[in-house]
Each structure stands twice: as C-alpha cells, then as structure tokens.
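Coordinate analysis (summary)
This is what each chain is made of:
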4 protein chains.
Amino acid sequence: MIRFALFGAGRAGRIHAGNIARHPRAELAAVYDVVRPLAERLAEQHGSCAVADPGAVWPAAAIDAVLIASSTDTHVDLLRAALRSGKATYCEKPIDFDLSRARSVVSEAAGTDVPVAVGFRRRCLPEYQEIRRRIADGEIGRVETVRLVSRDHRPPSRAYVDVSGGFLRDKTIHYFDLIPWLVGERPTEVHAAGSCLVDPMFADAGDIDTAMVLLRMPSGALCHIENGRRAVYGFDERIEVFGAKGMLQSRPPALSSVARFAASGVRSGRYPDLYGAESFAGLLDAFVSALESEQPVEPTLAEGLQAQNIAEAAVESLRGNRPVTIAY
Amino acid sequence: MIRFALFGAGRAGRIHAGNIARHPRAELAAVYDVVRPLAERLAEQHGSCAVADPGAVWPAAAIDAVLIASSTDTHVDLLRAALRSGKATYCEKPIDFDLSRARSVVSEAAGTDVPVAVGFRRRCLPEYQEIRRRIADGEIGRVETVRLVSRDHRPPSRAYVDVSGGFLRDKTIHYFDLIPWLVGERPTEVHAAGSCLVDPMFADAGDIDTAMVLLRMPSGALCHIENGRRAVYGFDERIEVFGAKGMLQSRPPALSSVARFAASGVRSGRYPDLYGAESFAGLLDAFVSALESEQPVEPTLAEGLQAQNIAEAAVESLRGNRPVTIAY
Amino acid sequence: MIRFALFGAGRAGRIHAGNIARHPRAELAAVYDVVRPLAERLAEQHGSCAVADPGAVWPAAAIDAVLIASSTDTHVDLLRAALRSGKATYCEKPIDFDLSRARSVVSEAAGTDVPVAVGFRRRCLPEYQEIRRRIADGEIGRVETVRLVSRDHRPPSRAYVDVSGGFLRDKTIHYFDLIPWLVGERPTEVHAAGSCLVDPMFADAGDIDTAMVLLRMPSGALCHIENGRRAVYGFDERIEVFGAKGMLQSRPPALSSVARFAASGVRSGRYPDLYGAESFAGLLDAFVSALESEQPVEPTLAEGLQAQNIAEAAVESLRGNRPVTIAY
Amino acid sequence: MIRFALFGAGRAGRIHAGNIARHPRAELAAVYDVVRPLAERLAEQHGSCAVADPGAVWPAAAIDAVLIASSTDTHVDLLRAALRSGKATYCEKPIDFDLSRARSVVSEAAGTDVPVAVGFRRRCLPEYQEIRRRIADGEIGRVETVRLVSRDHRPPSRAYVDVSGGFLRDKTIHYFDLIPWLVGERPTEVHAAGSCLVDPMFADAGDIDTAMVLLRMPSGALCHIENGRRAVYGFDERIEVFGAKGMLQSRPPALSSVARFAASGVRSGRYPDLYGAESFAGLLDAFVSALESEQPVEPTLAEGLQAQNIAEAAVESLRGNRPVTIAY
C-alpha cells in the first residue's frame, strides 16, 4: 500500500485524489492546498486528514509518496523538498516555466536515487503503448513520418489560459513527450506555426488556439502535429506512424457503440474524451506499480525537461516564424 | 462485334439497349416491342431499326444474338424460337412463372448447343465474384453459415407487384441463385416466413414485403436471407459467409466518399444502388465475352430453373408455414 | 454496503466473487460450495469465511443478499429458501431445466415481495441499453426485423456441454431474453434449425453447435438469430434492428485500437470478449444499485421463465423441424 | 464530336489517347511524337493517322482541339502555336519549369479567348468536388485547418525523376492547386521540409522523396501536406478539412469490397490507385463538356501558373530551410 500526500486540491488534484482512493494499493494520507477549505473538502470525501503544515509531510513516516498537482510555480520548491526527504514523487507537468530553474532541479535529482515521475499521461494509454511496442518490434520498418492531430472538444477558460504558459507549453508539450517516446529519437529542429481562429480571447491573452508544428528527427524522419482548442464534434486525437514497411494508425475511441442508418444518412455519436480522468489513473497505476516492484518510474524528470526544451524552441520558432534548432 | 436483337423496350429493355450501345463490341441491330412506339423510340435513340415483324429476327444473318427483356409470359415462346434459330440468347429471369413450361424449355435447350443465359446479374458484381473465388480457394475452410440481407430503397409500384409473381419469385430469387453459386452446393430444404409491414398495398396484392428465408444445405450449412422492399436510408445489400477458418464479409458500396463530423455526430451519405443498371451491364459484358471466346455462357437455363425450384418451394413454405424439401 | 452470500465456487462463482470484492458497495460475506476446498480457496482470496452449513446463511443478519451460481439443479431449492428468508437474490440462469419446477418457483415468488433477479447479463451492456432506449424513443419507427449473430471464440468442454441443457437452452436463451426486452414484444412462434459443424463432440452429446432461429412477433416483425460455438477470429456478437424509419446497428467492440497497413493488406486485431466477466460485473452493479435505491431488480424471475419458454419451444421446433407456437 | 490532335505518345500521351478513343464525343484525329514510331503505334491502336509534320495540325480544319502531353520543355512553344491557331487546348502540367517563360505565355493567353486548360486532374475526382461544394455551402463554417497526405505506391524510375523538376514541382504541385481550389483562398506563405528516406537514388538526383509542407492562408487557416514516393500498402491519398462547425474527411477509395476475418485478424485489401488513368479521363470529359457547352475550361492557365508559384516558393523554402512568402 502506497500512502500519498497530495499537494493541490484544484481540478487535477481532485482527479488524482479520486484515483488514489479507488486504487486498491494506494491510499490518500494527506492533502494540502493553499486554499485550505479545498483541501479539507477533498480530505473529507476521501477519508484522509488535511495537512495544516505542508512541512509536516516530508518527515512523516506514514507518507510513502508525494503527488504534486499544485500550481506550476510551486513545483520546483516541492520537488526540492521531496528530493531532500527521499520520498517518491509524481509531479504534474511542467517542471517549471523557467527553463533554468527546471534544469537546476533536474540536475539536483540526477545526483540522487529518489524516484521522480512527470505527468505525461498519454504514455499510459494502451493504443500508444501498442504503437510504441510495434514500432520497436520493427513492424513498420524505419519510421519515416508521423502525423498527429489533437483537438480539444471545448476551449478552456480565460483564467486557465492566463496561467497555462501558452498553448505550445500547455497542450502541445504532451506530443513533444509522446512522439520521441514512440519513435525512439528526439527531434533536432522544430518549426511552429499558429493562428487564433477559435476565439479572440486567445489572442487577447497573447496566445494561439490552432497550431501546426513540424519536427525534424536525426534520422531524417519528419513529424507533424496539428493541435487545436475546439472541435464541435468532440475530442479528437489520432496518430499515424508511417515507415518503410507500412503504417500504424490509432483508431479513434469508438464514437458510439451504436450506429444509426436514417434517411438523412448514417450517424455515429460523438467522440468521448478518453484522454481525461481515465488517463490520469493510468499514470498513477504505473507509478504505484513501479514503486512496488522497485522499477524506475517514468516519464523521468529528464524526459520532462526534454519535452520542455522542445516546447521552448517551438515558442521561439512561433515568435520568429522560422525553424529553430532544439537545445537539450 | 455481336449484333443484338432486343425483345422488350420497357424498363429493363431500355437499360439493356443503352448498355449494348455503349459496349465497344456489341451493337443494337433491332428492337421489338408489342407497343411499337416504345420500340421505335429506343431504336431512334441508339441508331438501329425497329423490327416490324419479330419473326424476321430469327433468320436474319445480320443478327448474332437475342436479348429477351419482354414480359415474362413471352419468354418461353421466344426461347423456343431462339433455340430453333440457333442464335445465342440472353433471357431476363424468370424463364416462366409456370414451372412445367419452364422445365420443358430447359429440356429442349439441353438437347442443343445454343448458348442461353439467364439474367441473374448479381453474379457479375466484383464483390460476389471475389467471395466465390476466395471460398473456392479454401480461405475460410468449410462454409458453415451464410447471412445475407437485401433491402430495396423504395417499394415498387402496385402495377409492378401485380405482374411480379410475388416477392419471393421476383426479388428473393436472386439470392436463390447467388448463394448456391457462391458456396458450391444447392439447398435441400427451405423455410420462408413473411410479413406485410412496409405498405398494405402488398397484402392487398396477396404479397409480402418483408421475408426471412432459411436454407439448409446438404453439408449441414445453414443460410439466412432477409429481404425487404424498403429502407429509408437507401439500398442495402450485404453478405457474410462464415466458415471453419474465418469469415468473408462484403463491404457495402461506399456510402459516400466524404464523411462529415459535426456537433450532432458523424455522418456519411446514403447507400447508392450499385445493383441497378450497372449490374445489367456486367452481365451483358460477360455474355458478349463468352460468345467471342466461345466459352459457355452463364447463368445457364438449368441454373435459372434451379433458382425457380427453390423459389417455388419457398412460396409453398410461406403458405404452409413449414419447411419444404426442394424438388429439382 | 450489501453483504453477499455466494452459492457456488465454480467458474461463474469465481467471477462473481471477484466482482463482489471489487465492488465499492458490496462485500463477500460467505461462500458455499459442495466441494468445500473450492469455497475455502475463494473465501481466502477475498477475505471472507467459508460457510460450513448453507442453512446458516438464511437466518444470518450479517447477510443481505444471496448470489446463486451453483449448478442448475440446485437453483430451485435455493430460490425457495431465499424466498422464505426474504433475502434479495440474484440467480444465474436458467431457473431450472424442468419447466414445471421453474414455473412453480416463479409462482411462489409472485406471492412475495422478495427481490429476485435472473442473470441475463446482456441487458447490462451499454450498447444494448442504448439500442433499447432509442427504439423506445421511436428513432427507427416500428420495428420490422432484427438480425443478431453471436459466435463464441472457442467451443466449451464436453463436460460443460453435458450439463448445459443443450445449445438453445444454454446460449441462445440469452437472445430469447434480449430481443423481447429490446423491441418490447415477445415472440409468438419460433422455428429453429441446427447443425453440428464445429466438432462431432456436440453431436455425440446429442447437441448442435450451429443454430439459426426465426422468431415471429405479434406485430409481424421477424427476428433472426445465428448462434455458433466457434469463430477462429474471436468472439463475435452483433445486432441490427431495422424499422420503418431506419436501422440501429451495434458496432462490434473495437478490434484493436491500432490498425496496421502493410504490403499484405490492412489488419486490425481480434475481437475481445466483452461479454465475459465484465458483463457479470454490470449485472451485479445493477442489482446492488436497485437494492440500495429500493427499485425493482431485473431481469425478473418471470422474465427468466419467459426466455425458458421460448427456449423449450425452440428445442421442440428443432426436434420436429417445424415452427412451434410458444406457450407462456 | 471534338477531334483531338495529341502531342506526345509517352506514358501520359498513351493514357490520353485511350481516353479520347473511349470518349463517346471525342475522337483522336492525329498523334505526334518526336519519336515517330511511338506516334505510329498509338495512331494504329486508336485508328487515327500519325502526323508527319506537327505544323500541319494548326491550320487543319479537321482538328478541333489540341492535347499537349509531350515533354515539359515543349509546352510553351506548343501553347503559343495553339493560341495563334485559336484551337482549344488542354496542356499537361506544368506550363514550363522556367517561371518567366510560363508567365509570359500566360500573359499572351490572357489577351485571347482561346480556351486553355491545365491538367490538374484531382479537381475532377468526385470526392474533391463534393468537399469543395460542401465547404462553399458553409457546412463546416470557416475553414481552420487542412491535413492532406498523399503517398505513391511505388517510386518512379530514375529517368522520370531526372526530368520531373523535383518532387515539389512534380507531385506536390497537385495539392498546391487542389487546396486553394477547395478552400477558396490561396496561400501567402509556404514552408517545406524534405528528406530522402525511400531510396538514395532521389538524393543522387538532388531530389527528396518525403516532404512536409505548411501553407499559411490569408484568413489564418493553416494547411499541411505530407507527400511521399512510396507506401508498401498501396496508393494512399486522404484529406481532412476542419472548420468552426465540423470536419469533412475524404474516405480512402475502398480497399476491397470484401473483408476477411481470420484467426490472425481482420484484413481488407490494398488501396487501388484511383488517381491514375481514371482521373485523366475525368479531366478530359470536363474539357470536352465545357467546349461543347461553350463554358470556360479549367483549371485555367492562370491557375496553372498560381500552383507553380507556390511550388517555386516551396523549393526556395526547402533549400533555405525557412518559410517563404509566395509571389504571385
């Protein structure tokens, strides 16, 4: 049984709390939030005690692991405390919007053997795991191109956008982690193009809502990501990986289990968002299982930093409207 | 170049006339219809002469083949004349609604080497030819079951129903020919159930509009046909053949080449009727090609009779509400 | 929290035990099996005590509900004891192979308000619930035909076949429950045809392995069930319900989330069996939820008897090779 | 009846000759090729006379239209002759690899009313026409993104590559014509990335075999083209156009009309190349129909030049690895 202390009782924190409570081998031992009533409510729901003083978490023998789901600006300090305490840690992405701060904590961690994972949860989806395995098995030969599209169903709130770090750092970064992990090499160059088409609110916030990103791999493989903030027909995420011997294509999550054939045509339902709460649970389970079996946890902090390096280069590319070499 | 005389300038005759005219190695040399202006119009459209006297067709050296698309009650006399003249003949199904008359002309034909084909045109559809070939190649092992559904888009007129011979003899008979041809054995027993659900007009005419038919094969294989007169979403015909080593499933003709993903769901278009005029052309082409290469034509008259035998047993089964052994 | 006593620690019993243990609002309080070590092992795995004397279950205040998953010949006695004790009961199908015994216990139950459910678990699958709701909502107008196919992946053992009651009573009965529930009327007549094609073992056991069953509804609707014991490509269950205004078609459970496009063609994976353990859990959850909210449980004993009545008529039809009117 | 003189009896010329011969309202009146025996053979096959002197074509009253399928370096001179003669002309793309020569002949044409069409044949495919119409009808609202992938089945020969002008000018140019035509605006900027992954032969020839191209539209819409020279599973061309109110997605040409469900999985066949000879016929038919009805022909010479302008900017972008503003 892994006993967790949870930092952050906001949207992500609440999902994690529920997942920990439901997990047969995990327990929610403590919750902290800067807004105390939020932490109290969550603690009540899931039968654990709110922590008055976050500092009390670190020495507590009754706490095995820490889950950091608080606001991004608190991540680095909490990660440092976690490294000092030696407690296994799962940290929501990103590490920090300031790359030098992120780099410094990754360096610190490198000198320890404290297990720290970063929350890129697409790695836990069965279809992505299957694609990765089948690429590694050589099923499609050398990878030549990747085409990925991801469109949210509805745009987030302005409040969310304002603290998100921008579209490329907030959302597209998932694919900056996913694609290298799938194909086994990391890009050398990125070119990002963006537009504000969904809602002028994004432009007001200095952000984009529609992105197209090209990644160039050392092998010569080319990858394309289309990423958007709204699709009226539901959540839409699909990938195809094309190689010398064939193509692997993810099938979108079944629209509906029932199709209707009517005079007006054939209809299936809308896409469900299988990339939401469910995928958080997958990563939690992988984390718990790794701790139990004393295997390394992943995605590692270094991988978290790698995705941020790509995201930063993408932001620079977007601003300068030119391809940018990625510094790792 | 095969020069055709066409008997019948009704709906089927007009389709055949157009197909003959378009065929690079066929020519419409003469048209006859009991309603002379119909024949004249068709002759004009396709650049051939209407025949004043049908008797003139048989001795004419400028006529290589005869296509019988006139009303069913004229088929047997025309077939007999064709057999006497020795001209290759393509006759629309059925041979005759009176089985003893049909049998007698089939016997006559058996004593000659005049090529006579009957118009079961599903045999010319590429998907059915592919399924037949793959079954014969042993791809799915021994055939165990067949499931076929066929639904017209819109019901025919009352006038058509009145001369059709009834649903099982008019429409379902196509599958009484198709299934034995696909799987390589002919049924020993049939059980037909029917309802009038689409339009009371069918019941008024003493007919049904919805049928379910079970066929039992000598091998023990079981076949099911669902056949209906109306589907609001368009023409719908699909088959699956299941065997010891797998299943072959026809894909319905592409609904539309474009799918629409909208807030209300995903939509494709309606089914086109790929089993209409196009399939007549396929059978004509097969007939012309067989004549040119001096290969046997098919479906043969004997096969035409076989399908009628099954249809008659099905009618008897429907009336008596009991399985009926098929007499060949 | 509903505390269950489980009768039967065989295959079904083990699935139920696991589902009860995993259910957040259910608890496995006792297990009984005529083979005591089986019960002990299950009790150990799920942290409850094996019951020395089954009679102790009925008066026990610590037992809220009873789950009967023992062999069919024990069902009626256990149901009677349950009715006397007043404990809510979930009984695996069928009630009893002897229809008169089944009828008598259904009569007894009718005089009580003890909640008793029978295990036709397809009712709990989301696609069937969706189809039922959409039919009831009038989406496809009056139902005209139903086509259902169900093929197991691999045949069961001879031992299973010997106690199964025969294919129609063991497997096809699921659809004798499902179809009336879906379309809102029960059949008046059944005609069953069967073959032994998969394995001579079935014929040795006096059974069939391939069935085609026609059901006639009071409205004139016609239903067809194809049911088989083996499909090399995996479990295969699909339904389409056709009506005056369109068709609803269940989409088979996604073959695989990844498709492969290779030189040899496009491939998806095999069908998973989503109708196995998972569907047991659905019915358990529905049962627990109904008890908690004091709603009626279902399928009711009377519905369980209804499906058996259809199955018996189907057996009679198969033997006599003729349509049989169903007595309810 | 439109009587054609055909220039060029190579691969494209042979396809055109066959299509003209099969067209009910077109006739192949003359064929010219610099390799005289090629022209003679084609003339013989299709029953027309090879032309000894190409100059004889222009004044010939028996020639209504000219089809230019000779090597690219001859196009401009032939176009000039055609403009002087006033004969309707269909010219294979591109106009000329030298943009200033292409521009000059387009200017000349602008001062005449001679109908001249350029062979971008994807415009004639029904799925693209449907997508264009549905976008114009507002079905998906404002267009936000386009994703197109096109992969040939097998790479062309080295000889072809050497005279092709390079991948972007030879193949990707089809989509530089298609996309603006579909969405109703022309790109302002292009960024092309390329690799040689399929065969080192392309690199030897100074060419690429795998391209990813980003187009930026005045409206802010972003378009992505993936284009490749080889796909082991067959020809692969698909598009999706995403907008504020939904998405239109072309369905790839049916893989096969029959699917096989085997123990090893579900298989459909390979993609056919529906973009080959058949699509040439579509454009010929559109050309003939436009001439007959005295409607303007299209794609116009100016549109042919527009696509070349994009292709040139793409080549410059590829060389400089930077986005390039397109000069029209």
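Our subject in this report is the structure included herewith. (Residues numbered from 1 in each chain as written. Chains lettered and ligands numbered in written order. Predicted model: local features only at pLDDT ≥ 70, side-chain atom pairs only at ≥ 80, totals over all residues. Heavy atoms only, no water.)

**With respect to the relation of the copies chain B and chain C**
Between chain B and chain C, which share one sequence, the superposing operator has a rotation angle of 180° and an axial displacement of 0.0 Å; the RMSD is 0.1 Å. These values place the two chain copies in the arrangement generated by a two-fold rotation axis. Minimal C-alpha distance to the rotation axis in chain B is attained by Arg322(B), lying at 2.8 Å. In this assembly the copies share their binding face: 100% of the residues contributing to the interface of chain B also contribute to that of chain C. (Least-squares fit on C-alpha atoms with pLDDT ≥ 70 in both. Contact = heavy atoms within 4.5 Å.)

**Some remarks on the relation of the copies chain D and chain A**
For the match of chain D to chain A, the screw axis carries a shift of 0.0 Å, the RMSD comes to 0.1 Å, and the turn is 180°. The fraction of interface residues of chain D whose copies in chain A are also interface residues reaches 100%, indicating that both copies meet through the same surface.

**Overview of unusual backbone geometry**
Residue and element names in this part refer to chain A. Pro94 follows Lys93 through a cis peptide bond whose omega is -5°. Mapped onto the elements of the fold, Pro94 is located in the loop between β5 (88–91) and α4 (99–110). Residue Pro299 is bonded to the preceding Glu298 through a cis peptide linkage, with omega at -5°. Tracing the backbone through its elements, the reader meets Pro299 in the loop between α9 (277–292) and α10 (301–320). Of note in this structure, Glu294 is not a glycine but carries a positive phi near 55°. Residue position: Glu294 is located in the loop between α9 and α10. Classification of Glu294 by relative accessible area gives exposed; the value is 73%. (Helix = DSSP H or I, 4+ residues; strand = E, 2+ residues; numbered from the N terminus. Buried < 20%, exposed > 50% of the residue type's maximum accessible area, 1.4 Å probe, protein only.)

**What about the interface of chain B and chain C?**
Accessible area lost upon the coming together of the parts serves often as the stated size of an interface. Counting from both sides, the interface comprises 44 residues of chain B and, opposite them, 44 residues of chain C. Both faces considered, chain B and chain C share a buried interface measuring about 3,500 Å² in area, 56% of it formed by carbon and sulfur atoms. Broken down residue by residue, the surface that chain B buries against chain C is led by Arg147(B), Leu197(B) and Met212(B), which jointly contribute 19%. Put simply, chain B and chain C have 6 salt bridges between them. A salt bridge links Glu240(B) to Arg238(C); its shortest N-O distance comes to 2.8 Å. Here chain B and chain C share 18 residue pairs in polar contact (both at pLDDT 80 or more) between them. It is strand β7 (residues 143–151) of chain B that provides the largest number of residues to the side of chain B that touches chain C, a total of 7 residues. Here the residues of the side of chain B that touches chain C sort into 19 nonpolar, 12 polar and 13 charged. (Buried area = accessible area lost by both parts, 1.4 Å probe. Salt bridge = Lys/Arg side-chain N within 4 Å of Asp/Glu carboxyl O. Polar contact = N/O pair within 3.5 Å; in protein donor to acceptor, adjacent residues only side chain to side chain. Nonpolar A, V, L, I, M, F, W, Y, C, P; charged D, E, K, R; others polar.)

**Quick word on the interface of chain D and chain A**
With 44 residues of chain D at the contact, the number on the chain A side is 44 residues. Across the chain D/chain A interface, buried area totals approximately 3,500 Å², and carbon plus sulfur atoms make up 56% of it. When the area that chain D buries against chain A is broken down by residue, the three leading residues are Arg147(D), Leu197(D) and Met212(D), summing to 19%. Across the contact surface, chain D and chain A share 6 salt bridges. One can count 18 residue pairs in polar contact (both at pLDDT 80 or more) joining chain D with chain A. For the side of chain D that touches chain A, the secondary-structure elements that each account for two or more residues are β7 (143–151), β8 (189–195), β9 (210–216), β10 (222–228), β11 (236–243) and β12 (246–250) of chain D. Across the side of chain D that touches chain A, the residue classes break down as 19 nonpolar, 12 polar and 13 charged.

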